[in-house]
Amino acid sequence: MDRGSKPAVLVTGGAGYIGAHTAKALDEQGFLPVVYDNLSSGFREAVRWGPFIHGDLRDRAALGEAIAAYDVSAVIHFAGLIEVGRSTKKPDLFWDINVAGTTNLLTVMRERGVGRLVFSSSAAVYGQGGRSTQESITESAEKAPSSPYGDTKLAAEWMIAAQCRAYGLTAVALRYFNAAGADPSGLIGEAHEPETHLLPLAIAAALGDGPALTVFGQDFQTPDGTCLRDYIHVTDLAAAHVAALRVDLPPGAFEAVNVGTGEGQSVSQVVAAVGRAVGAPVPHSVGPRREGDPASLVADPRRARELLGWRANHSSLEEIVADALRWERNPRYGAGLRQVRHSIRSEVPV
Ligand code: UFG
């Protein structure tokens, strides 16, 4: 199929980690991913499967032009700030980009007649609340975000749901659990700067590319005292977006769907798995808890199966770690790409 006849999907934040993997999946499934990204945290090198537009969510004119130029029929909205810890220090920034930025996008979609949205939400909307650390989380579980980041994702969901009811928008909010791993091609993978996520930091420590890991707390009410998370391979996560785009829903429908495996892994288990894959232990020490971290976030993924016909196929901890390690070991990517970004930033202050 030639590019011109493919349905165009605007992918905000498509130069980022999950966005780039989803752009690849869209291309493979016959869509044209039109990436719209301000490169504040994404990488131009990660845009490989469709056109790139350098733009900001808060620029309505540029968003409108992008939609018109490619005759966009749906939007997948990734662009936003993601670091839980930073959100506790700069909540206003998170509200501006994650909530006000989403309002802008919805306004432009309505003006341009784009009626279909897939939104990057997060397990952070749940927090710990009154839930025991043994319970997996259904979509109707109590919402008690433990960080401003989680607040902004929940607020954006509410606003999207209200606009579905009011204006007939059709939307699916995917509540990601912990995205991890890299595309098996080795072309794209996780590269945040600064990196704050457990798996890349543990791998960098084991490879000697980064400092020793600090385990944030060992006094949680979990089997080994470290936090439990539901790690989902980014390739599985990307496939969930294509399924959410395709699912048959009436105008005005809003669905929120967990994307996880249903299995929790502790920080200590991840550290051990990285040690096995690298063949060298992960240098680490135990430090205090990180503000905003719930003890346990494990999905009940049944709704994703029922509604989207989706299930995780590549999300064993071994496969996730093996693919992440392949990416991190490539000197041009992983830690290498982060260093390039870092040196560019220090030469040109922004
Ligand atoms: N951790 C450490 N040391 C580190 C980094 C992380 O012990 O140096 C721990 C954290 O305390 C947490 C676990 O490893 O228990 C995972 O932490 P990440 O930072 O990798 O991921 P989070 O669970 O904090 O957050 C991620 C995404 C969020 C999303 C959330 C949903 O970044 O956007 O998963 O589960 F909301």
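Note: the structure precedes this text.
About the criteria used
- Residues numbered from 1 in each chain as written.
- Predicted model: local features only at pLDDT ≥ 70, side-chain atom pairs only at ≥ 80, totals over all residues.
- Heavy atoms only, no water.
- Helix = DSSP H or I, 4+ residues; strand = E, 2+ residues; numbered from the N terminus.
- Rg over C-alpha atoms; globule rule 2.2 N^0.38 Å.
- Buried < 20%, exposed > 50% of the residue type's maximum accessible area, 1.4 Å probe, protein only.
- Contact = heavy atoms within 4.5 Å.
- Areas by Shrake-Rupley, 256 points an atom, 1.4 Å probe, with all protein chains shown as cover.
- Lys, Arg positive; Asp, Glu negative; His and termini not counted.
- Charge placed at Lys NZ, Arg CZ, Asp CG, Glu CD.
- Near = heavy atom within 4 Å.
- Polar contact = N/O pair within 3.5 Å; in protein donor to acceptor, adjacent residues only side chain to side chain.
- Nonpolar A, V, L, I, M, F, W, Y, C, P; charged D, E, K, R; others polar.
- Phe/Tyr/Trp six-rings, centres within 6.5 Å; stacked < 30°, edge-to-face > 60°.
- Lys NZ or Arg CZ within 6 Å of the ring centre and 35° of its normal.
- Salt bridge = Lys/Arg side-chain N within 4 Å of Asp/Glu carboxyl O.
- Pairing = 2+ DSSP bridges.

Draft legend 1. Looking closely at the overall build of the protein. When helices and strands are tallied, the protein shows 11 helices and 14 strands. Here the C-alpha radius of gyration of the protein, 19 Å, is about what a compact globule of 350 residues would show, namely 20 Å. Its C-alpha atoms give the protein principal-axis dimensions of about 55 × 45 × 40 Å. The burial tally for the protein puts 58% of its 350 residues in the buried class. Sequence separation of at least 24 residues holds for 79% of the intrachain contacts in the protein that already meet a minimum separation of 6. Total accessible area computed for the protein in this model is approximately 14,500 Å², and 52% of it derives from carbon and sulfur atoms. Considering the protein, the positive charge centre built from 33 side chains and the negative charge centre built from 39 side chains are found 1 Å apart.

Draft legend 2. Spatial organisation of the site of the ligand. Close to the ligand lie 23 residues; Ser122, Asn178, His197, Thr214 and Asp293 are nearest. Between Tyr149 and the ligand, the recorded distance is 3.0 Å, taken from a side-chain N or O atom to an oxygen atom. One nitrogen or oxygen atom from the side chain of Arg290 is found 2.8 Å from an oxygen atom belonging to the ligand. For the shell around the ligand, the elements supplying multiple residues, two or more each, are helix H6 (198-207) and strand S8 (213-216). Element by element, the count of residues in the shell around the ligand is highest for S8, at 4 residues. Considering only residue class, the shell around the ligand consists of 15 nonpolar, 5 polar and 3 charged.

Draft legend 3. The packing of aromatic side chains, seen in detail. Taken as a whole and judged by the stated rule, the model has 2 aromatic pairs. Ring centres of Phe94 and Tyr149 lie 6.5 Å apart, and the angle between their planes is 90°; this geometry places the pair in the edge-to-face category. Of this pair, Phe94 sits in helix H4 (residues 91-112) while Tyr149 sits in helix H5 (residues 148-167); the two residues are 55 residues apart in sequence, bridging distant segments of the chain. Across the pair, Tyr149 and Phe94 agree in class, each one buried. The ring of Tyr167 has Arg110 lying over it, and the distance from NZ or CZ to the ring centre is 4.1 Å. The ring centre of Phe220 lies 3.9 Å from the NZ or CZ of Arg289, which sits over that ring.

Draft legend 4. Fine view of the pattern of salt bridges. With the rule as written, the count across this model stands at 15 salt bridges. Between Glu83 and Arg86 there is a salt bridge; the shortest N-O distance is 3.7 Å. For Arg86, a relative accessible area of 35% puts it in the partly exposed group. A salt bridge links Arg302 to Asp300; the nearest nitrogen and oxygen atoms lie 2.6 Å apart. Residue class for Asp300 comes out buried when judged on its relative accessible area of 9%. One connected set of salt bridges, linked through shared partners, spans Lys24, Glu28 and Asp183.

Draft legend 5. The sheet that holds strand S12 (residues 265-266), seen in detail. Within the open sheet, the 3 strands sit side by side as S12-S9-S14. Their pairing is mixed. In this open sheet, the two edge strands, each paired with only one partner strand, are S12 and strand S14 (296-297).

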